Amino acid sequence: MKKLETYKSPTSPDNSTGPKNPTSPEKPETYNTPKEILVLGHCLLNPLARLKGAKPATAIDPKGANIIQLPCPESMYLGMRRREITKDQLDHPAYRSFCRKIFTPLADMLEDLAANGIKLRIIGVPKSPSCGVYITSVGGEPGKSKEFHHSHAPGPGVFMEEIIKELEGRRVEFEIEDAGK
């Protein structure tokens, strides 16, 4: 890995001593670049983004891995003081559009990485109405209720559906799974 150099303003004087030798370029250090990137649901790295009172997400040990952290669409869309919500309640055009909007810059980067031979592994959050991959929460009666009832059903959450649709539309190869699987 190349060492960081101190930035010098073009207008500041060069205070170094000794002559520069332009004929001996620095040898670049060689290293093995991992060929895989983990694309993680936001709360897998930041449990503070989870719904207040929710159990912590399955822990991920990112040590030594290349990581891209997805944004948390629920906290961005509904705020940190949001109530429990299900896929049925999030499954509307405005939320889907929001999910596409926040994912597009990442999709551009992932498409470029995949085109350069990098394997993409997307890790979702089990039971999440947005980031679940194999299982998501459904139900939840509309209107005011004393208790919130929901269940879990097979299939991805809204954000993961939009991610899958976008990457497949771009013909980007990727693997996808829930954390802990």
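Computed from a prediction, not measured in an experiment: that's the story for all the values here. (Residues numbered from 1 in each chain as written. Predicted model: local features only at pLDDT ≥ 70, side-chain atom pairs only at ≥ 80, totals over all residues. Heavy atoms only, no water.)

(A) Main features of the confidence of the model for the protein chain. Summing up the model confidence of the protein chain, the mean pLDDT is 82 and the portion of residues at 70 or higher is 77%. Mean pLDDT per element in the protein chain: strand S5 (residues 150-154) is the minimum at 86, and helix H3 (residues 93-115) is the maximum at 96. Below a pLDDT of 50 lies the segment residues 12-25, which in the model reaches two contacts outside its immediate sequence neighbourhood of four places, other chains included. (pLDDT = per-residue confidence, 0-100. Helix = DSSP H or I, 4+ residues; strand = E, 2+ residues; numbered from the N terminus. Contact = heavy atoms within 4.5 Å.)

(B) Representation of the packing of H3 against helix H4 (residues 158-169). One way to put it is that H3 packs onto H4 with a least axis distance of 9 Å and a crossing angle of 45 degrees. Our classification of the angle between H3 and H4 gives oblique. Once H3 is placed against H4, the crossing between them reads as right-handed. Here Tyr95, Arg96, Cys99, Arg100, Ile102, Phe103, Ala107 and Leu110 of H3 come into contact with H4, specifically with Val158, Phe159, Glu161, Glu162, Ile163, Glu166 and Leu167. By residue class, the composition of the contact of H3 with H4 is 10 nonpolar, no polar and five charged. (Axes fitted to C-alpha atoms, helices over the stretch in contact; angles between N-to-C directions. Parallel < 35°, antiparallel > 145°, perpendicular 65-115°, else oblique. Left-handed = near helix turned anticlockwise from the far one by under 90°. Nonpolar A, V, L, I, M, F, W, Y, C, P; charged D, E, K, R; others polar.)

(C) Broad picture of the state of the cysteines. Scanning the entire structure with this criterion turns up zero disulfides. Here Cys43 is not cross-linked by a disulfide; its sulfur's nearest cysteine counterpart is in Cys72, at 6.6 Å. The closest cysteine sulfur to the non-disulfide-bonded Cys131 is located on Cys72, 6.5 Å from its own sulfur. (Disulfide = S-S within 2.5 Å.)

(D) Just H3, in detail. For H3, which comprises 23 residues, the first-to-last C-alpha distance of 30 Å matches the rise-based estimate of 33 Å (1.5 Å per residue) to within 8%. Within H3, the axis deviates most sharply at Thr104, by approximately 45 degrees, and proline Pro105 lies no more than four positions further along. Residues of H3 that are buried: Tyr95, Arg96, Phe98, Cys99, Ile102, Phe103, Leu106, Ala107 and Leu110. Where the residues of H3 are buried, they touch strand S1 (36-40), strand S2 (66-69), helix H1 (73-78), helix H2 (87-90), strand S3 (119-124) and H4. Downstream of H3 by one or two residues, Gly117 has phi in the positive range, about 85 degrees. (Expected span 1.5 Å × (residues − 1). Bend = angle between axes of the 7 residues up to and from the residue. Buried < 20%, exposed > 50% of the residue type's maximum accessible area, 1.4 Å probe, protein only.)

(E) Broad picture of the pairing of S1. Within S1, four of the five residues are buried, which leaves the element mostly enclosed by the surrounding structure. Both S1 and S3 contribute to a ladder of five bridges, which runs parallel. Each bridged residue has a counterpart across the sheet, and for Val39 the counterpart in S3 is Ile122. When S1 meets S2, the two strands line up parallel, connected through four bridges. Following the sheet pairing, Ile37 is matched in S2 by Asn66. (Pairing = 2+ DSSP bridges.)

(F) How the structure looks around the environment of Cys99. By the secondary structure assignment, Cys99 is in helix H3. If near-sequence neighbours (up to four positions away) are discounted, Cys99 is found in contact with Pro73, Val158, Phe159 and Glu162.

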